[in-house]
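Take a look at the letters that make up each chain.
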Amino acid sequence: QVQLVESGGGLVQAGGALRLSCAASGGTFSTYAMGWFRQAPGKEREFVAGISWSGGSTLFGDSVKGRFTTSRDNAKNTVYLQMNSLKPEDTAVYYCAAHFGAGRWTVPTELREYDYWGQGTQVTVSS
């Protein structure tokens, strides 16, 4: 069983930056593709970013392209989401998720493809 714990959320002004971390335990982190999703009140959970288990491929949702980046440190069992130029519409609960069985360069983007989820961390961007 894999446990995922997000951290780094908080309140930030528009234009600011935050870095989220997701620490994994209980599995072989280096074999999991990792994803970031977010859910705003009244909206569906949406894909934000993902990174292959090799770290060689990343994908981003259209709304965050050019502003967010993601990286991973397999030695620390941690994946990161760097969020820059934050906007009020980025306000949401952010979740990390792990997918087992993807190819070296594969980045799943669908909720149903992910096997494990963290509890989420709140990000609030004020205008």
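Check the entry above for the structure.
Residues numbered from 1 in each chain as written. Predicted model: local features only at pLDDT ≥ 70, side-chain atom pairs only at ≥ 80, totals over all residues. Heavy atoms only, no water.

Caption draft 1: Molecular detail of the overall build of the protein chain. Looking only at helices and strands, one finds 0 helices and 11 strands in the protein chain. The C-alpha radius of gyration computed for the protein chain amounts to 13 Å, which stays within 12% of the reference 14 Å derived for 127 residues, consistent with globular compactness. Expressed as lengths along the three principal axes of its C-alpha atoms, the size of the protein chain is roughly 40 × 30 × 25 Å. Counting all 127 residues of the protein chain, 43% fall into the buried class. Of the contacts formed within the protein chain by residues at least 6 apart in sequence, a portion of 61% connects residues at least 24 apart. (Helix = DSSP H or I, 4+ residues; strand = E, 2+ residues; numbered from the N terminus. Rg over C-alpha atoms; globule rule 2.2 N^0.38 Å. Buried < 20%, exposed > 50% of the residue type's maximum accessible area, 1.4 Å probe, protein only. Contact = heavy atoms within 4.5 Å.)

Caption draft 2: Expanded view of the nonpolar core. Membership of the largest hydrophobic core comes to 27 residues, with the highest contact counts inside it found for M34, W36, L81, M83 and Y94. The set of elements that each furnish at least two residues to this core consists of β3 (18-25), β4 (32-39), β5 (46-51), β8 (78-83), β9 (92-100) and β11 (121-126). Discounting residues that sit within four places of it in the chain, M34 has contacts with L4, C22, F29, A49, G50, I51, R72, V79, A97, A98 and Y114. (Core = buried A, V, L, I, M, F, W, Y, C linked by side-chain atoms within 4.5 Å.)

Caption draft 3: Quick look at the sheet that holds β3. In space, the 4 strands of this open sheet follow the order β1-β3-β8-β7, with antiparallel pairing throughout. Edge positions in the open sheet fall to β1 (3-7) and β7 (68-73), since each of these has one partner strand only. Averaged over all neighbouring strand pairs, the angle between strand axes comes to 15°, with direction disregarded. Inspection of the sheet shows β3 paired to β8 by 6 bridges, in the antiparallel sense. Bridging from a neighbouring strand, C22 pairs with V79 of β8. (Pairing = 2+ DSSP bridges. Axes fitted to C-alpha atoms, helices over the stretch in contact; angles between N-to-C directions.)

Caption draft 4: Inspection of the side chain of S52 at higher detail. In this fold, S52 is placed in the loop between β5 and β6 (58-60). Owing to a relative accessible area of 0%, S52 belongs among the buried residues under this scheme. Contacts of S52, omitting those with residues within four sequence positions, involve A33, S57, R72, R104, W105, T106 and V107.

Caption draft 5: Structural context of the state of the cysteines. Evaluation of the coordinates by the stated rule reveals 1 disulfide. C22 shares a disulfide with C96; S-S distance 1.9 Å. Between C22 and C96, the S-S dihedral sits near 50°, and the bridge is therefore right-handed. With C22 in strand β3 and C96 in strand β9, this pair connects stretches of sequence that are 74 residues apart. Both residues of the pair, C22 and C96, count as buried. (Disulfide = S-S within 2.5 Å.)

Function-wise, these values are silent; they only describe arrangement.
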